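Listed here are the chains, written in short residue letters.
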Amino acid sequence: MALKAVHVSDVPNLDQVPANASLQRCSTRISKGVEFGLVASRIPKFLVIGHRGNGMNALQSSDRRMRAIKENSIMSFNTAAKYPLDFVEFDVQVTRDGCPVIFHDDFILTEDQGTVFEKRITELCLTEFLNYGPQREAGKEGKPLLRKNKDGQIVRWDVENDDSLCTLQEVFEKVQPSLGFNIEIKFDDHIVYQEEYLIRVLQSIMKVVFEYAKDRPIVFSTFQPDASILIKKLQNTYPVFFLTNGGNEIYYDLRRNSLDEAMKVCLEGSLDGIVSEVRGVFRNPEVVTKIKESKLSLLTYGKLNNVPEAVYMQHLMGIEGVIVDFVEAITEAVCDMIKPFAATEEDGDNLLEGDGKMQLKSKPQFSQRELSFLLKLIPELIRL
């Protein structure tokens, strides 16, 4: 189903964010930053962003990390904050009574006496939404949470460390203040949204951001092309990124079907960058140069970002950051492979013992010829 294009020329500007609300408090793992969009702020050259906090939940995965902590929760965000992380990414939707809440799926599922009940997040009021899952109030029991997998199978949402559902305001109030927020604004792929509805949702979210962000670094992102343009029209303080699957899936709205189309959306809407599924970039590595020449930033997401070698290759390609599930492992790998260091006798951290000898811990080195070969090889490997 097509997503209706909206006209944004007459949308009122809501640029009420304090002048010091910027990305300046990002991690200083790399001292020199790059200009980020139209805001006079600096970011490190390579960002690591925690997906839904400390990582998404894959309830049937054999990897315990995928079900260790409830995704999109205050517990998950603060766990991620313990590592050298720049941002956490999370999903925001707005309830029927206008409250922005943190939840990924379009529908929330529960079970009562063997019957599964499914309700759309945006059709619930805040009180109804917060009644699902663990409750903060002592002695109160919430509705059991279920989840539908991509294959349609419904499973109980059991994780090793559970936490309550939360609002956007609570996240600002309870998560480590130095941790940046990549706020993905969720819309249903199968719904045609009217301009009035999009504006109302975005204003509800930005009202909370304006009031509670303070100095916290903020980035907005969304897969909804019209919403991305509206966010930029409604405010010009925080960067806005357009999310794309990079051509891995095909949608009725052509703007969502390739990185070239994503570039057009960004340039026509004066957006700041693209967040692409990483396979879309690896299948078409020359697009990185085109995006950089267009003065746009490029971040990626996807399962390959949990592989340190794939992350390091993106750093070599000039991609500016990755959204990852294995926060501990990838932040450690990034620090080892990317951070500069000097080989000195006093630098004990960079020396490893092996075979009775001290060896220098070093990052991989590639010549331009080798890098060019790897970039040509990667698209073929992705097709396997």
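In this model, the protein chain carries a mean pLDDT of 84, and residues with pLDDT of at least 70 account for 76%. Contacts of residues 1-43 to residues separated by more than four positions or lying in other chains number 123 contacts, the stretch itself having pLDDT below 50.

What follows is about the environment of T167. The topology assignment puts T167 in the loop between β9 (154-156) and α3 (168-174). A residue is classified by how much of its surface remains accessible, and T167, at 8% relative accessible area, is buried. Taking C-alpha positions, T167 is 9.4 Å from S73, a pair spaced 94 residues apart along the chain. Excluding residues within four positions of it along the chain, T167 makes contact with C99, P100, V101, I102 and L126.

Contact pair helix α4 (residues 195-212) / helix α5 (residues 225-234): the axes reach a minimum separation of 10 Å and the direction vectors enclose 50 degrees. Compared by their axis directions, α4 and α5 come out oblique. Seen along the crossing, α4 lies across α5 with a hand that is right-handed. Within the contact between the two elements, α4 uses L198, I199, L202 and M206 and α5 uses D226, A227, L230, I231 and L234.

A separate point is the pattern of salt bridges. For the structure shown, the criterion picks out 21 salt bridges. We note a salt bridge from R120 to D188, for which the minimum N-O separation is 2.7 Å. Of this pair, R120 sits in strand β7 (residues 115-120) while D188 is found in the loop between β10 (180-185) and α4, placing the two residues 68 residues apart along the sequence. Here R120 falls in the buried class, since its relative accessible area comes to 17%. Where E170 meets R136, a salt bridge forms, and the shortest distance between an N and an O atom there is 3.2 Å. Of this pair, E170 sits in helix α3 while R136 sits in the loop between α2 (126-130) and β8 (146-148), and the two are 34 residues apart along the sequence. Judged by its relative accessible area of 43%, R136 falls in the partly exposed class. One salt-bridge network, in which partners are shared between bridges, spans R52, E71, D91, D105 and R147.

Rules used in this analysis
- Residues numbered from 1 in each chain as written.
- Predicted model: local features only at pLDDT ≥ 70, side-chain atom pairs only at ≥ 80, totals over all residues.
- Heavy atoms only, no water.
- pLDDT = per-residue confidence, 0-100.
- Contact = heavy atoms within 4.5 Å.
- Helix = DSSP H or I, 4+ residues; strand = E, 2+ residues; numbered from the N terminus.
- Buried < 20%, exposed > 50% of the residue type's maximum accessible area, 1.4 Å probe, protein only.
- Axes fitted to C-alpha atoms, helices over the stretch in contact; angles between N-to-C directions.
- Parallel < 35°, antiparallel > 145°, perpendicular 65-115°, else oblique.
- Left-handed = near helix turned anticlockwise from the far one by under 90°.
- Salt bridge = Lys/Arg side-chain N within 4 Å of Asp/Glu carboxyl O.

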